[in-house]
Amino acid sequence: MRPEPGQVLHFSEDPTITRFIPHVAATAQQPDAYVWAVDHDRAPDYWFPRQCPRAMAWVLPTTSRADRDRVIGAGCGERVHAIEYGWLEALRQARLFAYRLPADRFRPFGAPEPHAFVAVEPVTPLGPPEPVGDLLGCHAEAGIQLRVLDNLWPFWDVVTDSSVGFSGIRLRNANPRPCRSDG
């Protein structure tokens, strides 16, 4: 499920939205009200139930071979997403919908590289919401590894200390960090 040219997507578990109104999200780190959407490259970040914590990593042109092999895995493609076992059934059962929105109403958001698109005026979808379908299947069709882990934090620590691109969403919902033993 990806946007077509001239579109961005908004993913939701609510199939009844007829108009998106800018708002300040409860988790917002900025005070401005927005309608949020994503482009083709960032759409896979949202192939999850809304509250599911996930850690994602992908190869950049500047990623070292050692980091690619260590984080993504030798011969394992360009991208990996990780969730915890406790969220696997929710991922299997989620009913997710994609709303296609006109890209010309949005501007890039995030620096130094944009990670989303935002609109400051209400936006009407281009059509009815589309069921995304099997979220595991979406990952498989896109060639994105999906790892299921006991705990996201050890993976996240490796990812954020490497040369791969990365994003973490809803990490506050992840299991607590494991206790470290200093041997």
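In the block above lies the structure referred to throughout.
Because the structure is predicted, anything quoted here is derived from the model rather than measured. (Residues numbered from 1 in each chain as written. Predicted model: local features only at pLDDT ≥ 70, side-chain atom pairs only at ≥ 80, totals over all residues. Heavy atoms only, no water.)

1. A closer look at the overall build of the protein
- For the protein, the helix and strand inventory stands at four helices and 10 strands.
- Mapped from its N terminus to its C terminus, the protein presents α and β elements in the order β-β-β-α-β-α-β-β-β-β-α-β-α-β.
- Seen through its C-alpha atoms, the protein measures out along the principal axes to roughly 55 × 35 × 35 Å.
- Taking the contacts inside the protein whose residues are at least 6 apart along the sequence as the reference set, 76% of them involve residues at least 24 apart.
- If the 19 positive side-chain charges of the protein are averaged to one point and the 22 negative ones to another, these points end up 2 Å apart. (Helix = DSSP H or I, 4+ residues; strand = E, 2+ residues; numbered from the N terminus. Contact = heavy atoms within 4.5 Å. Lys, Arg positive; Asp, Glu negative; His and termini not counted. Charge placed at Lys NZ, Arg CZ, Asp CG, Glu CD.)

2. Regarding the packing of aromatic side chains
- Counting across every chain of the model gives five aromatic pairs.
- With a centroid separation of 5.1 Å and 85° between ring planes, the pair formed by Phe20 and Tyr99 is classed as edge-to-face. Of this pair, Phe20 sits in the loop between strand E1 (7-12) and strand E2 (35-37) while Tyr99 sits in strand E5 (residues 97-102); the two residues are 79 residues apart in sequence, bridging distant segments of the chain.
- Ring geometry for Trp36 versus Phe109: centroids 4.9 Å apart, planes at 80°, classification edge-to-face. Residue Trp36 is found in strand E2, and its partner Phe109 is found in strand E6 (residues 107-109); the two are separated by 73 residues along the sequence.
- Its relative accessible area of 17% is what places Phe109 among the buried residues.
- Of the aromatic side chains, those joined through ring pairs into one cluster are Tyr34, Trp36 and Phe109. (Phe/Tyr/Trp six-rings, centres within 6.5 Å; stacked < 30°, edge-to-face > 60°. Buried < 20%, exposed > 50% of the residue type's maximum accessible area, 1.4 Å probe, protein only.)

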